[in-house]
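Each chain, written out:
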Amino acid sequence: MTTRWSRRGFLAAGSGTALALGVHTTAGAAPLTSTEITSTEISAAADEFASLRAKWRTLILGEGFSPTAEPFKTRLSELGTTVGQLQATMAPTSGSLWPDLGYADPEPDTDQESYGYSGNLNASYNRLNTLAQAYTQQGTGLTGDTGLRDDILTGLDHLYSEVYNETQVRYGNWYSWQIGAPQALLDVCVLMYDQLSAAQLTDYLNAVDHFVPDSAVSSYTGTSTGANRVDLCRVLALRGVVGASSAKVALARDALSPVFPYVSGGDGLYTDGSFIQHTTVPYTGSYGSVMLGGLGMLFALLTGSTWEVTDSNRQIVFDAVENAWAPFLYNGLVMDGVSGRAVSRGLSASDAKQIQQDDHLRGHPILAAIVLLGQGASNTENARWRGLVKGWMQRDYYSPPMSNPSIGLTSLARLKGVQDDTTVSAVAEPTGHRLFTNMSRATHRRPGWAASISMADRRITYYETGNGENLHGWHTGSGMLYWWGDTFGNGQYSDAFWPTVDPYRLPGTTASRKVLADAAGGDWGASLPDVNWVGGATDGQRAAIGQYLKGLQSTLLAKKSWFCLDDSIVCLGAGIKCTDGTAVESTIENRNLGPTGSTPFQVDGVTKPASYPWSETLTGATWAHIGGHGGYVFPGGATFTALRDARDGKWSAINTGGATTVLNRKYLTMYVDHGTNPTGGSYAYLLMPGATAAQTQTRAAATSWLTVLANTDSQQGVSVPSLGFTGVNFWFGGTVGDLTASNPCAVMISEKSDGTAVICVSDPMRMQTGLTLTWNRAVASVTAKPSTVTSATTGSALTLTFGNLSTTAGVTQKITVKLG
């Protein structure tokens, strides 16, 4: 790209100084005057900013693809068509640039109505960005079109003179003014740089400086943390690049550093792989995606420049690819349990052509971000990540990434590059268990399937609502158990699940039927249950997980446990009590069977009706099976209700910006009805993802395979002798089977065929200053133990004495022993 320094005459925003030009002075020397700056230095500085503009242009437009090859040819053509329609409807007038995006707020404040007006400002700049991409991309049919150019410049000037300028006071959502609008505006400035006058650039940059001053990143607090901080740094960096301000680019680079280190509370990345935004919300799949993508872009922009990011802590971000993001990616989707209120973003009411967002469509940008981030990582990391991405892409049969209409051409190009790279071999889905104690989440991945558990405690909210989004997410933190198969069920939560599912019967949860208001509990994750015991113990393959549950705006109390094994998850519930005056239910399953819902269902070998609606209360049932999905085993028999339900729903019911189109999906539901105001309800079942009916029946007939050691308000535990597995959640100290604990804790034991055993212990409450655990099993010696174990006595029994566990953040303490 040619530079325009003679025409622009160095912007009034300070770019005529040595600092703005990136010219450095010797420490302690007098600053250079403008006459002492040589023409060579000016030229070098100008060239570097021009290089950064060219690099950013490539980052937002993409590279390495042919505009005449699919899917790019069609996408470029569609871009041209969309922009033609936007051109036809653009009508600059007081209060709007497009008639459907009025931004003039008659009562400017921060209420929901004002959020809408500020959102329309953001959307207006996003549309101009779309226009600019059609103007600069090849193959759109509008490339270099002078009429389109004039419309873009008219739009920019209109928004500046009307609303986004240095005299305007912001209203509505801060995000629109500090991140959304300026990001789109600066992208347009890069794309249209040679068509903009010096006066226009000065105006636009003054507006950005007004709304995003340096003080926006002066402290790592409030709205300037995590993904938001990365977004703000992107604004400052591009403001510096467009305005040739070294100071701004340096500030953006330096302001990234607080994002990198691990945190022990609040927003950011944790050592266990947790990612939190908005203080209390697990957000790996939404804000985390933004942060990962934003860092990838900024690393790529600044690498090799005067302002390259050299902070050694950036390695933490690279490590997080497999520590934080990969555990929640499965066959190309990102699990909904870490996507917050984004799960409610379906078809928009304002744009009938917008495709529904879902877990797959949110996952694909993360794959592309990992590819981009790999360019700045080590060769080993880059090669590994490309293999992971190729595997996720190949296995995404439900929603192939290359057909995703919601990701940009640049992301498509990166993914296409991996897909076509014959030197890259697809990496299989990893197996194992991951417990994210700092965000009350767990993932359990086995050959053929994967599952995730969502919980809540005094640090992690029940759910997040805000901006009129996720209005019915009340019980998603009440032990929701998500699961997917390797070649089946990948559309389970993608296919209009959230607007059509009964929000009081989310799979795995225990909930009161008390009617809750939209957004009950408050916005932005404000409502937290007053409980400590949430977490568990794991050896990285199996786990004992527990949740002390208190209902949202309810008197409900319950103890819930999950014992995650090789081919199944054992689910226990006990101490279920409530005085809401309504029924309380534990939902075994609520499977989305799509629009037709013809999937067969049988209980104890008897096929049940496939008609809708249908329901039946089953007594003494020992197993059930949903065709093509999996099996359920009920130790000792169970009474539960099964039903087929054809449910209507619409996105606007759970998101005020959603479409009002009525959708219908068929559900197969199983739940335990604990009755009204229960005093001691319980349940027990095994989930066997992917199991056939015959396999389910065989497991049910093997009554000695599983022993439920305890299922009370005080302890819950199981043993599976054939696996050498014992797991107990001690809600209070006591004895369960061969284990005695002095205080609340989680314990998981795996006995190996080689005569060793691994004992895993944790303090989910983060409160135990001492703990004694006795295993009534002959142990010859302790071969490995953490420093938290202050003494270990072996012999006919093993007694472990722990010191202070309150500072371990609920992390599992592993002890290896040789059995006697």
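Our subject is the structure that appears above.
Okay, so let's go over this structure. Since the model is a prediction, treat every value here as computed from it, not as a measurement. (Residues numbered from 1 in each chain as written. Predicted model: local features only at pLDDT ≥ 70, side-chain atom pairs only at ≥ 80, totals over all residues. Heavy atoms only, no water.)

Glancing now at the pattern of salt bridges. Scanning the entire structure with this criterion turns up 28 salt bridges. In this structure, the salt-bridge partner of Arg459 is Asp457, at a minimum N-O distance of 2.9 Å. The shortest N-O distance in the salt bridge between Arg699 and Asp567 comes to 2.7 Å. Of this pair, Arg699 sits in helix α16 (residues 693-701) while Asp567 sits in the loop between β13 (557-564) and β14 (569-577), placing them 132 residues apart in sequence. A single network of salt bridges, built from pairs that share partners, joins Asp209, Asp214, Arg239 and Lys248. (Salt bridge = Lys/Arg side-chain N within 4 Å of Asp/Glu carboxyl O. Helix = DSSP H or I, 4+ residues; strand = E, 2+ residues; numbered from the N terminus.)

What follows deals with the nonpolar core. Counting 149 residues, the largest nonpolar core has Tyr125, Leu156, Tyr164 and Trp498 as the members making the most contacts within it. In terms of residues, this core owes the most to one element, helix α6 (residues 174-191), which gives 11 residues. Those residues in contact with Tyr164, other than ones at most four positions away along the chain, are Leu121, Tyr125, Leu159, Trp177, Ala181, Pro182, Leu185, Ala207, Val208 and Phe211. (Core = buried A, V, L, I, M, F, W, Y, C linked by side-chain atoms within 4.5 Å. Buried < 20%, exposed > 50% of the residue type's maximum accessible area, 1.4 Å probe, protein only. Contact = heavy atoms within 4.5 Å.)

Most peptide bonds take the trans form, and the phi angle of most residues other than glycine is negative. Note that the residue after Glu70, namely Pro71, is joined by a cis bond; omega there is 5°. Its place among the elements puts Pro71 in the loop between α2 (39-61) and α3 (72-89). One non-glycine residue, Trp524, lies in the positive phi region at around 60°. Relative to the assigned elements, Trp524 resides in the loop between β10 (510-512) and β11 (534-538).

Strand order in this open sheet of seven strands is β22-β23-β24-β27-β28-β33-β30, and the pairing throughout is antiparallel. What marks the edges here is a single partner per strand, and that holds for β22 (707-711) and β30 (779-784). Neighbour-to-neighbour, the strand axes of this sheet turn through a mean angle of 15°, independent of strand direction. One ladder, built from six bridges, connects strand β23 (residues 715-720) with strand β24 (residues 725-730); its direction is antiparallel. Pairing of Gly717 across the sheet is with Val728, part of β24. (Pairing = 2+ DSSP bridges. Axes fitted to C-alpha atoms, helices over the stretch in contact; angles between N-to-C directions.)

So, on to the environment of Thr154. Tracing the backbone through its elements, the reader meets Thr154 in helix α5 (residues 146-162). On the accessibility criterion, Thr154 (38% relative accessible area) is partly exposed. Placed 588 residues apart in sequence, Thr154 and Ser742 show a C-alpha to C-alpha distance of 73 Å. With near-sequence residues (within four places) excluded, Thr154 lies in contact with Met90 and Pro92.

All quantities given are derived from atomic positions and should not be read as evidence of function.
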